[in-house]
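Descriptive analysis of the structure
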Amino acid sequence: MISIPSKGRPHDDILESMQLFRENDADHKNGRTWSLVYHLTPEHDAFLKTAHQLFFSENALNPMAFKSLKRFEHEVVRMTARLLNGDEKVVGTMTSGGTESCLLPVLCYRERARSRKLGGSLPEMIAPKTIHVAWEKAARYFNVKMIRIPLKDDFTVNVDILKKKINRRTILIVASAPSYPHGVIDPIEEIGRIAVERNIPFHVDACLGGFFLPFMEKIGYRIPIFDFRCKGVTSISADVHKYGFGAKGASVLVYRDMEYLKHQFFIHPDWPGGVFASPALLGTRPGGPIAAAWAAMNALGMNGYCEMAETIMETTRKLTTGINAIDGLKILGKPAMGVFAYGSTDSGISIFAVGDIMEDRGWHVDRLQRPDGLHAMVTPAHKSVADQYLLDLRQAVEMVKSNPGLSSRGNAALYGMIAHVPFRGLIKKEVKKMMEKMYGPEGEMPMGPKGKESFAVRMGTRIFSRILRWASRTGCR
Ligand SMILES: *Cc1c(COP(=O)(O)O)cnc(C)c1O
């Protein structure tokens, strides 16, 4: 059993162990990861660290005590509101990240509905199937029923169906600009018109696009209107810690006016600890990410962000045209920015088998399901590795083509099964067991040094054997 060392260790010694622990971490510095880490330049990273460190100890829990942090937050919110074409009435808060920026609107609109005696005992929210999973979490946490709307062939939400699902219990509509899985923008203006007509709040999840699409528009790309210019949009989330190139732990949530935001505030006047008021989810709020967000926005400026968008779009064009040119692969839908997914056009090519080979070659790639695909979020760090990525991908596809057996072996087979087995309850149960192990006293990692591979293998094997047992019990062999 691990306990606090009875005697403190020297700093150098500790830092050395910490560096050693990193050995098997994903290699994000050389553009090998295609999610999770957003690097601009080493200089920008160093600057962010300095800004973060300056406010390392400060706590935004009490804005009266640290007026600096209150000022950063206020200015970050104002700059974001302006960027998203909001007027002077737009208000908001900074949050700890995209998830908090998705949780809070659900709470806020639920409270707003309650205050107007709307929504009934089980209020509903409507969202495309591709909406970020943080919204599912929000629905579950706050007891709101999620109504999932299917997609059209282009991976945007089917608005006709969405429209039909609106009823007296609907308290919120959500759509993405763009969606996390495929990087496509839902028809925001069209949904906005419906929201106005039916008088229902409409949140645009622009966690990815909020700090990217406006810069694309500035440099001449044709971007559909997704922000406050669209009348029905009542709130927007945008992550500074993604394409805003701030430090992790920073997102912005803005509402059209205080009439909405006020329902997000938590006030408890009777606590023996004092009258308590909190604008968002957290109590203690670290100062570092707030300070670094402000610093990043000021350091980059519109020109820096536009340059960043240009670089990323050049790399993205190279990657997407390169991928479409590979016989047997195609980009899914029409991605709007530097986020996209691709799948196989040939039943002989398992995209998961391609993913395995890419992993073997040191690329950290995420798998998608329904439909199967591989995912990429492009950052400036990928400019120098795009050619290598395409080369490896072309060879991976060749290898899978000439060894069709690869798709039914190892991780690919198991990822495939996990994605396709109809027993979703079984998958949920198995994942829960894995988590119980990971967070159990042993803290067992379900994955080896190579990341997800053995995770798939172990989960897949267990599910497979359970299905076999079930099959033999029910006699259908
Ligand atoms: C990343 C993301 C989120 C969740 O943000 P976290 O910062 O990971 O909590 C929500 N919505 C979209 C569209 C995202 O891309």
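Residues numbered from 1 in each chain as written. Predicted model: local features only at pLDDT ≥ 70, side-chain atom pairs only at ≥ 80, totals over all residues. Heavy atoms only, no water.

**Some words on empty space enclosed by the protein**
- As enumerated under the stated definition, the model contains one cavity of 30 Å³ or more in all.
- For the largest cavity, the calculated volume is near 70 Å³.
- Forming the walls of the largest cavity are T130, I131, H132, S176, P178, S179, Y180, D205, C207, L208 and K242.
- Here the lining of the largest cavity is composed, by residue class, of five nonpolar, four polar and two charged. (1 Å grid on protein atoms, 1.4 Å probe; cavity = no way out; pocket = protein on both sides within 12 Å on 5 of 7 lines; lining within 4 Å. Points joined across faces, edges and corners; volume = space filled by probe spheres on them. Nonpolar A, V, L, I, M, F, W, Y, C, P; charged D, E, K, R; others polar.)

**Concerning a nonpolar patch on the surface**
- On the surface, M258, F265 and I267 cluster together into a nonpolar patch covering about 270 Å² of accessible area.
- Relative to the assigned elements, F265 resides in the loop between α9 (258-261) and β8 (266-268).
- For F265, a relative accessible area of 32% gives the class partly exposed. (Patch = residues over 30% accessible without salt bridge, like charges linked within 9 Å, V, L, I, M, F, W, Y side chains within 5 Å. Areas by Shrake-Rupley, 256 points an atom, 1.4 Å probe, with all protein chains shown as cover. Salt bridge = Lys/Arg side-chain N within 4 Å of Asp/Glu carboxyl O. Helix = DSSP H or I, 4+ residues; strand = E, 2+ residues; numbered from the N terminus. Buried < 20%, exposed > 50% of the residue type's maximum accessible area, 1.4 Å probe, protein only.)

**Looking at the site of the ligand**
- By nearness alone, every residue bordering the ligand is listed as G97, G98, T99, C102, H132, Y180, D205, C207, L208, D239, H241 and K242.
- Within the contact set of the ligand, an oxygen atom lies 2.9 Å away from a backbone nitrogen or oxygen of G98.
- Contact distances for the ligand include 2.7 Å between an oxygen atom and a side-chain N or O atom of H241.
- Within the complex, 86% of the 380 Å² of free accessible area of the ligand lies under protein.
- The element that contributes the greatest number of residues to the shell around the ligand is helix α4 (residues 98-115), accounting for three residues.
- Of the residues in the shell around the ligand, the class split is four nonpolar, five polar and three charged. (Near = heavy atom within 4 Å. Polar contact = N/O pair within 3.5 Å; in protein donor to acceptor, adjacent residues only side chain to side chain.)

**Regarding the layout of surface pockets**
- By volume, the second largest pocket amounts to about 620 Å³.
- What lines the second largest pocket is a set of 19 residues, among which H39, D45, K49, A247 and K248 lie closest to the centre.
- Within the lining of the second largest pocket, the residues separate by chemical class into six nonpolar, seven polar and six charged.

**Description of the nonpolar core**
- If you look at the biggest cluster of nonpolar residues, it comprises 101 residues, and the most contacted ones within it are Y243, Y342 and V354.
- It is helix α10 (residues 287-324) that provides the largest number of residues to this core, a total of 15 residues.
- Two domains each provide a minimum of three residues to this core, namely domain 1 (51-297) and domain 2 (308-403).
- Excluding residues that lie within four positions of it along the chain, Y243 makes contacts with Y38, L208, F211, F212, Y305, M308, I312, M337, G338, V339, M377 and V378.
- By size, the runner-up hydrophobic cluster in this structure holds 28 residues, among which are C102, Y109, A138 and F142. (Core = buried A, V, L, I, M, F, W, Y, C linked by side-chain atoms within 4.5 Å. Domains from an automatic or database assignment. Contact = heavy atoms within 4.5 Å.)

**Here we look at the domain arrangement of the protein chain**
- Taken domain by domain, the protein chain holds domain 1 (51-297), domain 2 (308-403) and domain 3 (421-474).
- One C-alpha centre belongs to domain 1, the other to domain 2; they are set 30 Å apart.
- Between domain 1 and domain 2, the residue contacts involve 21 residues of the former and 23 residues of the latter.
- Taken over both partners, the interface formed by domain 1 and domain 2 buries close to 1,700 Å², and the fraction arising from carbon and sulfur atoms is 74%.
- If you look at where domain 1 meets domain 2, you find zero salt bridges. (Buried area = accessible area lost by both parts, 1.4 Å probe.)

**Remarks on α4**
- Across its 18 residues, α4 extends 26 Å between first and last C-alpha, which sits within 8% of the 26 Å expected from 1.5 Å per residue.
- Among the 18 residues of α4, 14 are classified as buried, and the element is accordingly described as predominantly covered.
- At the C-terminal side of α4, K117 shows a positive phi close to 55°. (Expected span 1.5 Å × (residues − 1).)

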